[in-house]
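# Reading the structure
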Amino acid sequence: MSLIKYESQVREPLIDGHKTYHDVTEDICHTIEAKPTRLWYIGFYISVALLLFGVYAVYREVTYGIGQWNLGRTVGWGWDITNFVWWVGIGHAGTLISAILLLFRQRWRTGVNRAAEAMTIFAVMCAGQFPIFHMGRVWMAFFTLPYPNTRGPLWPNFNSPLMWDVFAISTYFIVSLLFWYSGLIPDLATIRDRARTKLRKHLYGIASFGWTGSTKHWQRHESLSLVLAGLSTPLVLSVHTIVSFDFATSIVPGWHTTIFPPYFVAGAIFSGFAMVQTLMLVMRKVMRLEAYITVNHIEVMNKVIVLTGSIVGCAYLTELFMAWYSMVPYEQDHFFKYRIAGPYGWSYWLMMTCNVISPQLFWFKKLRRNIAFTFVMSIVVNIGMWFERFVIIVTSVYRDYLPSAWSIYYRPSIWEIGFYLGTFGLFFTCFFLFAKYFPVIAIAEIKHVLKTSGQSYKEKMGGMEKLSARAFHDNVHHGDEEHETHVKVAHH
Amino acid sequence: MALKKFAVGCFDEEGTLFHAVARVREAGYKIHDVYTPFPVHGLDKAMGLRDTSLHTAGFIYGLTGTTTAVTFMSWVFTKDWPVNIGGKPHFALPAWIPITFELTVLMAAVGMVLTFCYICQLAPFVKKHHFHPRATDDLFVMVIECGEKTDKVAVKALLTDLHATEVNTQVAEDGWWIGRYDKEQKLYHEPIVA
């Protein structure tokens, strides 16, 4: 049977070392069962401190109003919406890895999907804060929901891209959460059944919903995962498309661009994978998961980064070309005088360097497989992607049509920066808790591919691949006969 | 809730498991279930289980979402409160595509997950009998239901014959109940492998 699932030697094993099923369980559960390390505590406390600073920054904004931020008459969207788009973008890699790669039968996803999905959920949580608090009167946030109210009822405008965003982001959050948690249930059951303390047994018992591992349940679970993946695939593309509609459906020069949806989606995958790299490289080292998140995994993700980075680069050039080709003076001024030059020119060139030029180094295999280089690049890419959103938002609006409506140089206030740092705190607080209390690698999924992608199998098949066709056939056939005789003996 | 008698055989290889499932079914025993640490492809077919229709339910939930979104938005903008937005049509179907799509996905996903939990009887605080604690780790646990007339000795002999690494009989509830795992399941005592 295993011969039918033949996989070529050309691909490296996805799981290093000669692991058994039990080894997989031990390797992934050991960090959950051991006491947190000093490094974990340091990281966790720094995150909580950042989170508290963010809470204070938001408290200032809610109490004294949006004037706590340096937004002005023309720059009405500044750091807040930049951060929103940046976090949503990061939140795209998780679902991409778990959904699109599942449909494409990419087995390497099993090493990174769980942590990437968690990252998605936390990133979307961070993203959601910005538009909500940007409303100013945040206690009115529920006005965006279509509920029967006493004002008519007066409904929200479903034709508005900002309204689409409310639906897109909340749907994305809920579906990602369900996808993530339904995948977690069997693994939480594994931890429950291994629990050495009563409290652990009780809590994981609640969290694992009474999962037994029944064949019928697995069959339904597989069907559920497949359909959720099928639903999430267009969903993940739609979410950033809708985010880009916030800009693209306006008539502001610099935003009024039809290329925005694919350009935003590529950028989202680009930055999401960079964030996955940042997290995974630290995680595999600290949690000793090098056998599951191999250099091969890192290389594959770097290939995605160089691809999407190049797509994004094409989009930047297309924008410039279209501005020139359109013959609209406002478009041309915005791109050539206010964006690539002018007071914010530095941010454009920083974006170009980080997003388009530096990822090209990943065409070299040596660099794709270099862990230190990948780590530095992943941070460079995320800086670049933050500046992309900053460039799109701020450089499009800081100079309006009339020079009398030009703003002074926009720079954020400490509370704007504090809010951004606070979301880092939220993200990493959640991620540290996740890394400590949840299986960071999908245990059941690794076991599922262990026999066909593990090192033992690859080595066995390596010999098989060198056989001639005839010898290969005989080998397979011989195995069958042996099996049949065995059955017969058992019958008698 | 009913107590039943079961014969339990544990296997440590998928290969022997498939063979055993076929043999046990041939021998005419009723396989209550096979508990596995990960989805074993083809095992449902080997056990004679029918395909799940969960995806059909998902399709229906999705369709419900589409219909809800389209009818609600058209009712709001054409009947309940038609707003003149620059003289644009009230029935603005293209502008409703994003929300219609999102609601389709949302309803399909939420509906499917809830249905999945319901038909598999999964919920917080639900307790079920576990035939072997390592069924979620590295063992494939086959459970055979024993009736009044089942010869337990013969069943156990058959399981041993089929290379089961561990064979026993258990009396257990076959349903679920509200319970606590820390009170009803033994703690794990195997040493930690560094």
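Scoring rules and cut-offs
Residues numbered from 1 in each chain as written. Chains lettered and ligands numbered in written order. Predicted model: local features only at pLDDT ≥ 70, side-chain atom pairs only at ≥ 80, totals over all residues. Helix = DSSP H or I, 4+ residues; strand = E, 2+ residues; numbered from the N terminus. Rg over C-alpha atoms; globule rule 2.2 N^0.38 Å. Buried ≥ 20, exposed ≤ 12 C-beta atoms within 10 Å, placed from the backbone. Core = buried A, V, L, I, M, F, W, Y, C linked by C-beta atoms within 7 Å. Contact = placed C-beta atoms within 7 Å. pLDDT = per-residue confidence, 0-100. Nonpolar A, V, L, I, M, F, W, Y, C, P; charged D, E, K, R; others polar.

### What about the overall build of chain A?
- Looking only at helices and strands, chain A features 18 helices and zero strands.
- At 26 Å, chain A has a C-alpha radius of gyration in line with the 23 Å of a compact globule built from 492 residues.
- Principal-axis analysis of the C-alpha atoms places the extent of chain A at approximately 95 × 55 × 50 Å.
- Looking at the 492 residues of chain A, the share that counts as buried comes to 48%.

### A closer look at the nonpolar core
- Within the largest apolar cluster, 153 residues are counted, with the highest numbers of intra-cluster contacts made by Met119 and Val276 of chain A together with Ala109 of chain B.
- The residues touching Met119 of chain A, leaving out its near neighbours within four places in the chain, are Gly94, Met275, Val276, Leu279 and Phe431 of chain A.

### Overview of the confidence of the model for chain B
All names here are of chain B.
- Across chain B, the average pLDDT comes to 88, with 96% of residues at or above 70.
- Ranking the elements of chain B by mean pLDDT puts helix H6 (residues 181-184) last, at 80, and helix H4 (residues 93-119) first, at 95.
- Overall fold confidence (pTM) sits at 0.90, and the ipTM for the predicted complex is 0.93.

### A word on the interface of chain B and chain A
- The interface is formed by 62 residues belonging to chain B together with 60 residues belonging to chain A.
- Looking at the side of chain B that touches chain A, the elements that each hand over two or more residues are helix H1 (14-26), strand E2 (30-35), helix H2 (43-46), helix H3 (54-80), H4, strand E3 (126-128) and H6 of chain B.
- By residue number, the principal contributor to the side of chain B that touches chain A is H4 of chain B, which donates 16 residues.
- For the side of chain B that touches chain A, the residue count by class is 43 nonpolar, eight polar and 11 charged.

### Thoughts on the environment of Ala372 of chain A
- By the secondary structure assignment, Ala372 of chain A is in helix H14 (residues 371-397).
- Put simply, Ala372 of chain A and Leu281 of chain A are 91 residues apart on the chain and 8.8 Å apart in space, counted from C-alpha to C-alpha.

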